[in-house]
Amino acid sequence: MSDALIIARIDSGRASPSNLNLGSRPFNVAASGRSTEDNALEQSPAQIEFRNVTKRYGQVTAVQDVSLTVRRGEFLTILGPSGSGKTTALMLLAGFVAPTEGDILIAGNSVAAVPSYRRDQGIVFQSYALFPHLTVRRNLEFPLEMRGVNAGDRLKRVDRILERVHLKDFGGRMPSQLSGGQQQRVALARALIADPPFLLLDEPLGALDRNLREQMQIEMKTLHKEFGITTICVTHDQEEALTLSDRIVVMRAGRIEQTDRPEALYDRPASRFVANFLGEANILENLDCDVESNAPQPPGTVPMIRPERICVAAPGAPTRSDERQRQSVTGIVEDMIYAGPLRKYHVRVGSSVLVAREHAASGQQIFRQGDTVQLDWLQSDVRFVEA
Ligand SMILES: Nc1ncnc2c1ncn2[C@@H]1O[C@H](COP(=O)(O)OP(=O)(O)O)[C@@H](O)[C@H]1O
Ligand SMILES: [Mg+2]
């Protein structure tokens, strides 16, 4: 299943101060760059917990030993390549599939054994699969009708949600008379209208083109702030994950590879997989020349540096950084890609090719294919990641 916009209402035990399970595992956050808002989120109670959850389909293990706590109000993204178990994790949470092992708690109560039909469970929508023959207003009324809300209240709630998603004047239109972004907003409004305890999104922006996707990312972020609803979003798009999330869970082959805040995940990836999946990474292991390092390399790891941390200069040029901290190699430019405000160099160093990315500043020397250059970086910018 893909591209589904899911809203699950799983209410076996609404949160009350006595049954809230605060969880024992603290947020894994970077030491710096935290705002008051971040801290507030950390102190927010656990709303959803996966405890050692495994889901097997015959021989295939779709989700393996996943433990995870989602806090009230958090925007959490599950990021991973196709087949890594993201949709299965959402299906488990929505109650559409049952765990083979482990437990899932919502507001402190186990729901793993509760069949989906007994969960007052939500509705599954394909990504903006609005009913084509119904107006926007009727599309929005539908989930309320299903819940037996009377006509007067339906009217009020539809008005209110249309206002909140900035579609006040669009209630009478048919979905086909809306842009892709507007349809997406109606789909979100329909998911939110019955006040669900949390929102589940599966590749919600996957069908939109790039510009619209970026615009919708900002809108979704704003909506999340306004509604304050706990949101779990599944995507394979790293940019989307970085833009939207309070925290990102990186999945690989059914397992959680790393969970952290976007900045921390990018700056301190635990493994080569995460480093490569979230951005570009230079692995410094097979450099033919010596890269001196005073920092001890933990066993089982390789040194990694991000392209924007590498400085490209003419050989022998004085460098900006502290000599004792500086590591430098010489290489030959294989190509230079000019991308608006950025220049990206591929530089051959022995048997490796390193990628360096520079902001195009005026007066800066530009190197071409075949030029010999010096690459240098600060040792403190090197990360050791699991090989
Ligand atoms: N109903 C199913 N029956 C058998 N295998 C499944 C089923 N659903 C998912 N899988 C398998 O489980 C793995 C994870 O799938 P999925 O959760 O859909 O990944 P993702 O959403 O990350 O692309 C894949 O190998 C997939 O083929
Ligand atoms: Mg999927």
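Residues numbered from 1 in each chain as written. Chains lettered and ligands numbered in written order. Predicted model: local features only at pLDDT ≥ 70, side-chain atom pairs only at ≥ 80, totals over all residues. Heavy atoms only, no water.

*Asks:* How should the overall build of the chain be read in this particular structure?
*Replies:* Across its full length, the chain carries nine helices and 19 strands. When each of the 387 residues of the chain is scored for burial, the buried share is 49%. Here the analysis covers contacts within the chain between residues at least 6 apart in sequence; of these, 72% occur between residues at least 24 apart. Carbon together with sulfur atoms contributes 49% to the accessible area of the chain, which is approximately 18200 Å² in total. (Helix = DSSP H or I, 4+ residues; strand = E, 2+ residues; numbered from the N terminus. Buried < 20%, exposed > 50% of the residue type's maximum accessible area, 1.4 Å probe, protein only. Contact = heavy atoms within 4.5 Å. Areas by Shrake-Rupley, 256 points an atom, 1.4 Å probe, with all protein chains shown as cover.)

*Asks:* Would you mind showing me how to read the site of ligand 1 here?
*Replies:* Close contacts around ligand 1 come from Y57, V60, A62, P81, S82, G83, S84, G85, K86, T87 and T88, and that covers them all. The separation between an oxygen atom of ligand 1 and a polar main-chain atom of S84 is 3.1 Å. Computed on the free molecule, ligand 1 has an accessible area of 560 Å², of which 60% lies beneath the protein chains in the complex. Counting only elements with at least two residues in the shell around ligand 1, the list comes to strand 3 (60-71) and helix 2 (86-94). Among the elements that take part in the shell around ligand 1, helix 2 stands out by supplying three residues, more than any other. Broken down by class, the residue content of the shell around ligand 1 amounts to four nonpolar, six polar and one charged. (Near = heavy atom within 4 Å. Polar contact = N/O pair within 3.5 Å; in protein donor to acceptor, adjacent residues only side chain to side chain. Nonpolar A, V, L, I, M, F, W, Y, C, P; charged D, E, K, R; others polar.)

*Asks:* Help me understand the sheet that holds strand 13 (residues 301-305), please; the structure alone is not making it clear to me.
*Replies:* Strands belonging to one sheet form pairs held by backbone hydrogen bonds; the direction of such a pair is parallel or antiparallel. Reading across from one edge, 12-13-19 is the order of the three strands in this open sheet, with antiparallel pairing throughout. Looking at strand neighbours, the two that pair on one side only are strand 12 (282-283) and strand 19 (383-386), the edges of this open sheet. Bridging between strand 12 and strand 13 involves two bridges; their strand directions are antiparallel. Each bridged residue has a counterpart across the sheet, and for I283 the counterpart in strand 13 is M304. (Pairing = 2+ DSSP bridges.)

*Asks:* Whenever I open this one, the side chain of S84 confuses me. Can you help?
*Replies:* With respect to the element layout, S84 can be found in the loop between strand 4 (75-79) and helix 2. Residue class for S84 comes out buried when judged on its relative accessible area of 1%. A distance of 2.7 Å separates a polar atom in the side chain of S84 from the backbone oxygen of P81. Those residues in contact with S84 that lie beyond four places of it in its chain are A62, M251, R252, A253 and G254.

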